[in-house]
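Overview (structure and organization)
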Amino acid sequence: MPRLSRWVIPSALIGLAGLCVLVVPWWIPVTTPTYSGSYTYGFNNAFAWISLAVIIALLAWWRLAGSSAAENAKTETTLANLLAPDPHPPVSRDLASACAGFVAIVLVLIAWWFWFLPYAYFGESQYFLPRIDLMLLGQQPYRDFQFSYGPTLLLLPYGIYQLTSVSVESSYEIALLLHWLLGSFCLFYVIRSLGGTWARSLIFLLLALSFINFTFGLNYTPLRFALPLASLVALHRSASRPAASLPRFLGLCVLLPMLNFAVSPEMGIVTTAASGAYALLLWRTSRRQLAWGALAVALGLPLTVLVFTPDYFHSILTYAGGGNNFPIFPTIHVVAYLAALLFLLPWLAVVAWRHRSPAGALAAALLTLFGLQIIPSLGRCDPRHVFMNGLGVFLIALACWSMLKPRAFTWAALVYGIVFLGSLQLSSWNTYQDFIFRAFDARERLNVWRERNGEPDWSAFGRASPIRYGKLGPPAEDLRQLLAYDKIGAPFGCEESVDRFLKFTGRNVTEYYPGPVIDVFRQPDIERKEADIQRMDTILVPANLFADRGRIDLGAYAARESKYLTDAMVLPLQLTVRNPPFVAGPRVMEAIAADFEPVAKFRRYVIAKRKPK
């Protein structure tokens, strides 16, 4: 192939990818209303995903047509060697030390921060803790209340609470520590298992350190994102044994996708697809009897639905419909992700096509996994979601690069560190710094209160809660105002002290979308929310929302969201609203205004009762 064409064609395709992902989607109308920055500002993420997949396919075809050149052959061989692990890999002391040191530091930091926090609802914990409360009050996730993640993220802290005498907050902390421990081991397991001689310890640290965050969420630990990779590697090691056991392999084909479903619905889906692709391509190898694993994966799907119930898949419908997406901006982390994709995925396709071996089957599985993960990576595409959903892409790309270009890899590692140890942490700091400063202020006020009054005592507010709380703040006297009402619904959620007071005194009203974090993204969600409100006689609504009926000032909304996205993306942004924002406030307030009237004020809320008929 002429040298010029070896550069012109891929350069043209890469340029086209940038155009199709970053520019053209602004010109494609988005018509389905959903709670999403992409809908509000008119960006079509689906076009970006599909066009990127097409361009990756074209690059793969071009690589297949011209990979006879020495450098191309070296890349193909290197990647194939990387994906051909020893079924019994030796333990690297450096890698084990890096993993142990990282885990020890992270667990100590998490434990200290949890101890220091003067209240329970911080960052992502305000999504999980109220839902654990609901389980302790007898409700089931997915059936009785909405939950976007796998059941393990609730069942683990719930089980710890039931089996021990610790508080609900401590059970959550223990579960969080276990998730970090298991996730770090999954990442260690993958890096240890892959073949070749490469910078294992450095790459582990680069990836693991990128996970460090202070959002305090079970959804942002390495477990959710490293488990799909670890599952495929476990399948691969089982199939690569000299005397591979068919029953063992079939069992893994059923079990491993279900384990991923237990942690995350979208990770369950991508792991199922990737496991099926791996088993299916074993038909082209000397281990063709293991191709029955594809049937086992397929039969595992109805079993998964039976175990987790159809309600479990509600969040998939929400996010597949564009819920919570962001426009894709030319940020440093998005550009780095696109570069890794456009380098790695075409070569995975080449190895999958040409290598009739378990390594070729693993290449096909990773191609399936990474291709499907483009959707969440370039959906809610802030640095954290791009890195975490793109974890495998960065791992394999960095490992391959460290073998291909050992000298240049130092610079590649430095660039990666700047992007994901820099912009990712800066993004987190921009988004959460106010939470951190408020926590320090609240801690100081609580210490002063304790010096004067001792430990907080809520027993004067009536019957004791059936839930063991460990981080109840000082009981404010104005909470007695709420004792005048038998039951109080909070359709828009409420602050931590009020939420816990209502549960403590048995006054909370259950609903499918509980607060404080309410995932109402689509019209069917609005309708279910309104149906729940119809069962309420007394509600607590933010006063400003009740006063203006949730009407939105589009200019102020755009300015506020632009500020948020500027902080999250680490890129100056000024956006213009193209579609009316799809938010629950105005739609739900129409029903509330028709059926309820205010009867009292409480803090920043209005207490409203149903109008007499």
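What comes next concerns the included structure. Keep in mind that what you see is a predicted model, and the values were worked out from it rather than measured. (Residues numbered from 1 in each chain as written. Predicted model: local features only at pLDDT ≥ 70, side-chain atom pairs only at ≥ 80, totals over all residues. Heavy atoms only, no water.)

1. A closer look at the layout of surface pockets
For clarity, the threshold we go by: Cavities and pockets are defined on a 1 Å grid built over the protein atoms alone: a cavity is a set of grid points where a 1.4 Å probe fits but cannot escape, while a pocket is an open set with protein on both sides within 12 Å along at least five of seven lines, and lining residues are those with an atom within 4 Å of any such point. Grid points are joined across faces, edges and corners, and a volume is the space filled by probe spheres set on the points. Only DSSP runs of H or I covering at least 4 residues are called helices, and only runs of E covering at least 2 are called strands; the numbering of each starts at the N terminus. Residues are sorted three ways: Asp, Glu, Lys and Arg are charged, Ala, Val, Leu, Ile, Met, Phe, Trp, Tyr, Cys and Pro are nonpolar, and all the rest, Gly among them, are polar.
Approximately 940 Å³ is the volume attributed to the second largest pocket. Taken together, 30 residues line the second largest pocket, and the ones lying closest to its centre are Arg-63, Ala-339, Leu-342, Phe-343 and Trp-401. Here the lining of the second largest pocket takes seven residues from helix H15 (residues 332-354), the largest share from any one element. When grouped by side-chain class, the residues that make up the lining of the second largest pocket number 22 nonpolar, three polar and five charged.

2. A short note on the packing of aromatic side chains
Inclusion rule: Note on ring pairs: Phe, Tyr and Trp rings are taken, using the six-membered ring of Trp, and paired if centres are within 6.5 Å. Classes follow the plane angle, with under 30 degrees stacked, over 60 edge-to-face and the rest tilted. Three labels apply to residues, based on accessible area from a 1.4 Å probe with only protein chains included: buried if under 20% of the type maximum, exposed if over 50%, partly exposed otherwise in between.
Enumeration over the complete set of coordinates arrives at 45 aromatic pairs. A centroid spacing of 6.1 Å and a plane angle of 45° characterise the contact between Trp-26 and Phe-329, whose relative ring orientation is tilted. Placement of the pair is Trp-26 in the loop between helix H1 (3-22) and helix H2 (37-41) and Phe-329 in the loop between helix H14 (314-320) and H15, with a sequence separation of 303 residues. Residue class for Phe-329 comes out buried when judged on its relative accessible area of 5%. Among the aromatic residues, those joined into a ring-pair cluster are Tyr-127, Phe-128, Tyr-142, Phe-147, Tyr-149, Tyr-172, Phe-261, Phe-308, Tyr-312 and Phe-313.

3. A word on the sheet that holds strand E1 (residues 538-542)
Defined as follows: Pairing between two strands is assigned when DSSP locates at least 2 bridges connecting them. Throughout, an axis means a line fitted to C-alpha atoms (over the contacting stretch in the case of helices), and angles, computed between N-to-C directions, take values from 0 to 180 degrees.
One open sheet holds the three strands; their spatial order is E1-E3-E2, and the pairing between them is antiparallel. Of all the strands in the sheet, just E1 and strand E2 (596-602) have a single pairing partner and so form its edges. Strand-to-strand twist of the sheet, defined as the mean angle between neighbouring strand axes without regard to direction, takes the value 35°.

4. Considerations on the pairing of E1
On a regular strand, each side chain points to the face opposite its neighbour's, so the side chains alternate between the two faces of the sheet. Within E1, five of the five residues are buried, leaving the element largely enclosed by the surrounding structure. Here E1 shows no split at all, with Thr-538, Leu-540 and Pro-542 on one side and Ile-539 and Val-541 on the other all buried. The pairing of E1 with strand E3 (residues 605-610) spans five bridges and is classified as antiparallel. Its bridge partner lying in E3, Pro-542 is registered against Tyr-605.

5. Some points on the environment of Phe-249
Our working definition: By definition in these notes, contact holds between two residues if any of their heavy atoms fall within 4.5 Å.
With respect to the secondary-structure elements, Phe-249 resides in helix H11 (residues 246-263). Under the relative-accessibility criterion, Phe-249 is labelled buried at 1%. C-alpha of Phe-249 to C-alpha of Trp-292: the two residues are 43 residues apart in sequence and 9.2 Å apart in space. Leave out the neighbours within four places in its chain, and Phe-249 touches Leu-235, Ser-238, Ala-239, Tyr-278, Ala-279, Leu-282, Leu-290 and Gly-293.

6. Description of empty space enclosed by the protein
Scanning the model with the defined rule gives two cavities of 30 Å³ or more in all. In this structure, the largest cavity encloses a volume near 190 Å³. Taken together, 17 residues line the largest cavity, and the ones lying closest to its centre are Asp-499, Asn-508, Val-509, Pro-514 and Gly-515. Elements with a minimum of two residues in the lining of the largest cavity: helix H6 (125-136) and helix H21 (496-504). Here the lining of the largest cavity takes three residues from H21, the largest share from any one element. Here the second largest cavity is characterised by a volume of approximately 30 Å³. Taken together, Leu-83, Leu-194, Leu-229, Leu-232, Val-233, Leu-362, Leu-366 and Ile-396 form the lining of the second largest cavity. The set of elements that each furnish at least two residues to the lining of the second largest cavity consists of helix H10 (222-240) and helix H16 (358-372). Ranked by residues supplied to the lining of the second largest cavity, first place goes to H10 with three residues. Looking at side-chain class alone, the lining of the second largest cavity contains eight nonpolar, no polar and no charged residues.

7. Quick word on the side chain of Thr-304
You can see Thr-304 is positioned in helix H13 (residues 293-308). Apart from the residues lying within four places of it in its own chain, the contact partners of Thr-304 are Met-258, Phe-261, Thr-309 and Phe-313.

8. Topic: the pattern of salt bridges
Applied cut-off: Salt-bridge detection follows one rule: a side-chain nitrogen of Lys or Arg within 4 Å of a carboxyl oxygen of Asp or Glu.
Taken as a whole, this structure holds 17 salt bridges when the rule is applied. One salt bridge connects Asp-133 with Lys-503, and the closest N-O pair in it is separated by 3.1 Å. Taken as a pair, Asp-133 in helix H6 and Lys-503 in helix H21 lie far apart in primary sequence, 370 residues in all. What makes Asp-133 buried here is its relative accessible area of 0%. The salt bridge involving Arg-500 is made with Glu-169; its shortest N-O contact spans 2.5 Å. Pair noted here: Arg-500 is in helix H21 and Glu-169 is in helix H8 (residues 168-193), with a separation of 331 residues, a long-range link.

9. Concerning H6
Going by this rule: Helix span, expected: 1.5 Å multiplied by one less than the number of residues in the helix.
Counted at 1.5 Å a residue, the expected span for H6 with its twelve residues is 16 Å, and the 16 Å between its end C-alpha atoms agrees. Taken residue by residue, H6 has Ser-125, Tyr-127, Phe-128, Leu-129, Pro-130, Arg-131, Ile-132, Asp-133, Leu-134, Met-135 and Leu-136 as its buried positions. Where the residues of H6 are buried, they touch helix H7 (152-163), H8 and H21. One or two positions beyond H6, positive phi appears at Gly-138, with a value near 100°.

10. Observations concerning a nonpolar patch on the surface
Inclusion rule: Within this analysis, patches are made of residues with over 30% relative accessible area and no salt bridge. Like charges are joined at 9 Å or less; nonpolar side chains (Val, Leu, Ile, Met, Phe, Trp, Tyr) at 5 Å or less. Areas reported here follow the Shrake-Rupley algorithm with a probe of radius 1.4 Å; residue values treat only the protein chains shown as occluding.
A surface patch of nonpolar side chains, amounting to about 400 Å² of accessible area, comprises Leu-16, Leu-19, Val-23 and Trp-27. You can see Val-23 is positioned in the loop between H1 and H2. Accessibility expressed as a relative area gives 33% for Val-23, which makes it partly exposed.

11. Remarks on H10
Note the threshold: We define the bend at each residue as the angle formed by axes fitted to the 7 residues ending at it and the 7 residues starting at it.
Taking 1.5 Å of rise per residue, 19 residues should cover 27 Å, and H10 covers 26 Å from first to last C-alpha, within 8% of that figure. The largest bend in H10 comes to about 30°, at Pro-228. Among the 19 residues of H10, 19 are classified as buried, and the element is accordingly described as predominantly covered.

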